[in-house]
Amino acid sequence: MTTDTDTASHFIKDIIAADLRANKHGGQVVTRFPPEPNGYLHIGHAKSICMNFGLAEEFRGRCHLRFDDTNPATEDVEYVDAIQADIRWLGFDWGEHLHFASDYYQHLYDCAERLIQLGRAYVCTLTAEEFKAYRGVPTQPGRPSPWRDRPPAESLDLFRRMKAGEFADGQYVLRAKIDMASPNLHLRDPVIYRIRRAPHHRTGDTWCIYPMYDFAHCLSDAVEGITHSICTLEFEVHRPLYDWILDALATPCHPQQIEFARLNLSYTLMSKRKLQLLVQEGLVQGWDDPRMPTLAGLRRRGYTPAAIREFCRRIGVTKFNSLTDVALLEHCLRDDLNRRAARAMAVLRPLRLVIENYPAGRVENMEAVNNPEDPAQGVRPVPFSRELLIERDDFMENPPSGFYRLAPGRAVRLRYGYCVECTGVVKDPATGEPAEVHCVYDPDSRSGAGAKRNKKVKATLHWVSQLHARPLEARLYDRLFTVPDPADEAAAGGDFRRVLNPASLQKVTAMCEPGLAQAGPGAHYQFERLGYFFTDPADSRPGAPVFNRTATLRDGWARESGKAGAG
RNA sequence: UGCCGGAUGGUGUAACGGUAGCACAGCAGACUCUGGAUCUGUUUGUCUAGGUUCAAAUCCUAGUCCGGCAGCCA
């Protein structure tokens, strides 16, 4: 039996298992999740989080949370807090190991000085434009900077003055001295320190020079004793530099960088930059807008941590650039919610149903099962009366073949109630649409108790008593994007904003059974055949409850007939 | 066209020289107090061409296609 934090077998596990057998890192496994605090975590990050924490758990090691905060211009403490909350919500714990690259600034600086003294780094005076010209292109080797052979003492002096704030941003950089002719661009004397005057969210203005990713990341890994530094595929070409720096400084710890393919999801924008644009331009309510693929957004949309972890387990880990069908994510949510969510009856587009032979003023409490898949959730009473509301789509005056629900002359069961037979329909004179359906009930067919309690009918409908029903305002979540494939974004003129789905997050008012509120906020409900309803307990904004139809039950009738009428 | 990486059904993933399996999606059926859920069955696959081998998705060679790399971002 596997738990949902286990990951399926994959190549990184094979590597770790082999390292363990060879006693490569003294039998230790230490991983880390290294976000840059410049945005919120999204479903793609969940893949990395589940893998890194999952690996640590499985191999009895540990996993650090380290903020890669080496670019003060883009980072903010808001993100530091949100990221931690989201990881905790997902169900992972870094224990004592909350780290920041900024904690290592002094150490990193010392390493840089050492590199200079070793003659393996130099301060370069080239401008950004000159730097680019000297670097060359992939197919052509670069040329050495005129400052490449600057004596270490001179570089050291300049570097110290860079740190002291004597120079303007961009005036000097520190570069590793590697190979300007390398076919790998990242080895053509990469910049490892730059001057950047921007307040850092943790160190303030203590520093005006900041290490680049390539310099800070490998050394931070080494400081923390990371054994397996797992990152995404685009860092593959950085690996020689990762190893070069650690080798040059002869660090006692030399973690192994392993790359895997990042998650791509159909219909889903995964670019942090573009998500940020949606937030900045006010196209969504914020990073936690229920339409966003962020963990905060998914949470508000009713996604459960277990569903997301299970999804991450199922998608696997490879080096293949794949496009995962979002249907798998939705399946994982249904799978979890079907097991746990309480059932409730509600109608989205009400149609009055009058039972002509049911006494006016009479109310019966019908016994409804809270969750057929979990008897422990018990039963609840649901008031039944003469005038009910049913789903508008559950009635058709002229039903085509294949439609089993209510129509003139037809009998259906009202779930947990009685069987009724339709005797007629009253139409709205203005629109010609059905305004009220009339029927008669069979008193012997009462659910659970009547003599004809097992009476066979073609269909069963959900309903609420009109007198007792309470309105419940929510936002109907639909997919934010309408494109079938990220590739189609290009077809939309390259502007991802043009593929936004205007129908997403529209207001709906469901008429629901009176007892619904008693279950308390934060609970999930499954509205029979309609979808899932969820209220974020921490969210009191108007219209905050979300009705999630994407992870919905499919309407078999509408699907087969090709009629998209179901509401 | 330089370097690095990748290619298994519609999608994702497993098999690490020995029966190509699993999941999602799809389709069909059973059951059901909703046609959902559940259960059962099922269609579809090793990029191409050579080679090694008793045996190749797996190893070798050549090709094809896809992705990444030219921030003082991460």
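Thresholds, definitions, all that
- Residues numbered from 1 in each chain as written.
- Chains lettered and ligands numbered in written order.
- Predicted model: local features only at pLDDT ≥ 70, side-chain atom pairs only at ≥ 80, totals over all residues.
- Heavy atoms only, no water.
- Axes fitted to C-alpha atoms, helices over the stretch in contact; angles between N-to-C directions.
- Helix = DSSP H or I, 4+ residues; strand = E, 2+ residues; numbered from the N terminus.
- Parallel < 35°, antiparallel > 145°, perpendicular 65-115°, else oblique.
- Left-handed = near helix turned anticlockwise from the far one by under 90°.
- Contact = heavy atoms within 4.5 Å.
- Nonpolar A, V, L, I, M, F, W, Y, C, P; charged D, E, K, R; others polar.
- Near = heavy atom within 4 Å.
- Polar contact = N/O pair within 3.5 Å; in protein donor to acceptor, adjacent residues only side chain to side chain.
- Core = buried A, V, L, I, M, F, W, Y, C linked by side-chain atoms within 4.5 Å.
- Buried < 20%, exposed > 50% of the residue type's maximum accessible area, 1.4 Å probe, protein only.
- Phe/Tyr/Trp six-rings, centres within 6.5 Å; stacked < 30°, edge-to-face > 60°.
- Lys NZ or Arg CZ within 6 Å of the ring centre and 35° of its normal.
- pLDDT = per-residue confidence, 0-100.
- Expected span 1.5 Å × (residues − 1).

At a minimum axis distance of 8 Å, the contact between helix 11 (residues 305–315) and helix 12 (residues 326–340) shows a crossing angle of 135°. Here helix 11 is positioned oblique relative to helix 12, judged by the angle of their axes. As for the relative orientation of helix 11 and helix 12, their crossing is right-handed in sense. Contact residues: helix 11 offers Ala306, Ala307, Glu310, Phe311, Arg314 and Ile315, while helix 12 offers Leu328, Leu329, His331, Cys332, Leu333, Asp335, Asp336 and Arg340. Looking at the contact of helix 11 with helix 12 residue by residue, the class counts come to eight nonpolar, one polar and five charged.

The next subject is the protein's contact with RNA strand B. As a matter of local geometry, RNA strand B sits amid 70 residues, with Arg135, Tyr404, Ser447, Glu528 and Arg529 nearest to it. Sugar and phosphate atoms form 66% of the subset of RNA strand B atoms that lie within 4 Å of the protein. For RNA strand B, a base nitrogen lies 3.1 Å from a polar atom in the backbone of Ala128. Contact between RNA strand B and Arg194: a phosphate oxygen at 2.9 Å from a side-chain N or O atom of the residue. When residues of the surface near RNA strand B are traced back to their parent elements, those giving at least two are helix 5 (128–135), strand 6 (191–195), helix 11, helix 12, strand 19 (460–461) and helix 14 (556–561). Broken down by element, the surface near RNA strand B gets its largest block of residues, five residues, from helix 12.

Once that is clear, we can look at the environment of Glu397. If you trace the backbone, Glu397 turns up in the loop between strand 15 (387–391) and strand 16 (411–414). Taking the C-alpha atoms as reference, Glu397 lies 7.8 Å from Val425; in sequence the two are 28 residues apart. Setting aside its immediate chain neighbours within four residues, Glu397 contacts Pro408, Val425 and Lys427. A distance of 3.2 Å separates polar atoms of two side chains, one belonging to Glu397 and the other to Lys427.

Another point: the nonpolar core. In summary, soluble globular proteins display a tendency toward joint burial of nonpolar side chains. Ranked by size, the top nonpolar core spans 47 residues in total, and within it Ile43, Ile87 and Ile308 carry the most contacts. Those elements that provide at least two residues to this core are helix 2 (43–58), strand 2 (62–67), helix 3 (77–90), helix 9 (272–280), helix 10 (295–300), helix 11 and helix 12. Beyond its immediate stretch of four places on either side in the chain, Ile308 contacts Ile43, Ala46, Trp89, Leu90, Leu295, Leu298 and Tyr303. Ranked by size, the runner-up nonpolar core spans 40 residues in total, among them Ile195, Phe215, Leu219 and Ile245.

Within the structure shown, the criterion is met by 19 aromatic pairs. Aromatic side chains Phe67 and Phe100 sit 5.1 Å apart centroid to centroid with 20° between the ring planes, which places their arrangement in the stacked category. Within this pair, whereas Phe67 is found in strand 2, its partner Phe100 is found in strand 3 (residues 98–100), the two being separated by 33 residues in sequence. Of the residues examined, Phe100 reaches a relative accessible area of 7% and is grouped as buried. Among the aromatic residues, those joined into a ring-pair cluster are Tyr105, Tyr109, Phe159, Tyr193, Trp207, Tyr210 and Phe215. Sitting above the plane of the Trp89 ring, Arg299 keeps its charged end 5.2 Å from the centroid.

Glycine aside, the phi torsion of most residues is negative, and most peptide linkages are trans. A positive phi angle, close to 55°, is found at Asn23, a residue other than glycine. Mapped onto the elements of the fold, Asn23 is located in the loop between helix 1 (11–21) and strand 1 (30–33). With relative accessibility at 48%, the residue Asn23 sits in the partly exposed group. In this model, Asp189 sits at a positive phi of 45°, which is unusual for a non-glycine residue. Looking at the element boundaries, Asp189 is found in the loop between strand 5 (173–176) and strand 6. Asp189 gets classed as buried once you look at its relative accessible area, which sits at 0%.

Structurally, the position occupied by Asp394 is in the loop between strand 15 and strand 16. Excluding anything up to four places from it in sequence, Asp394 contacts Phe403, Arg405, Leu406, Leu461, His462 and Arg529.

Once that is clear, we can look at the confidence of the model for chain A. Looking at chain A as a whole, the pLDDT averages 89, with 90% of positions reaching at least 70. Segment residues 1–5 is flagged for pLDDT under 50; beyond a separation of four residues in sequence, or across chains, it makes nine contacts in the model. Note that pLDDT drops below 50 for residues 558–567; the model gives that stretch 14 contacts with residues more than four away or on any other chain. What the predictor reports for the complex is a pTM of 0.93 with an ipTM of 0.97.

So, on to the side chain of His238. For His238, the position within the fold is in the loop between strand 8 (228–232) and helix 8 (239–248). Classification of His238 by relative accessible area gives buried; the value is 13%. Ignoring any residue separated from it by four or fewer positions in sequence, one finds His238 in contact with His186, Tyr213 and Asp214.

All right, on to helix 4 (residues 105–117) then. In this model, helix 4 (13 residues) spans 18 Å end to end at C-alpha, consistent with the 18 Å of a helix rising 1.5 Å per residue. Within helix 4 the residues assigned to the buried category are Tyr105, Leu108, Tyr109, Cys111, Ala112, Glu113, Leu115 and Ile116. Just past helix 4, the residue Gly119 takes up positive phi, approximately 75°.

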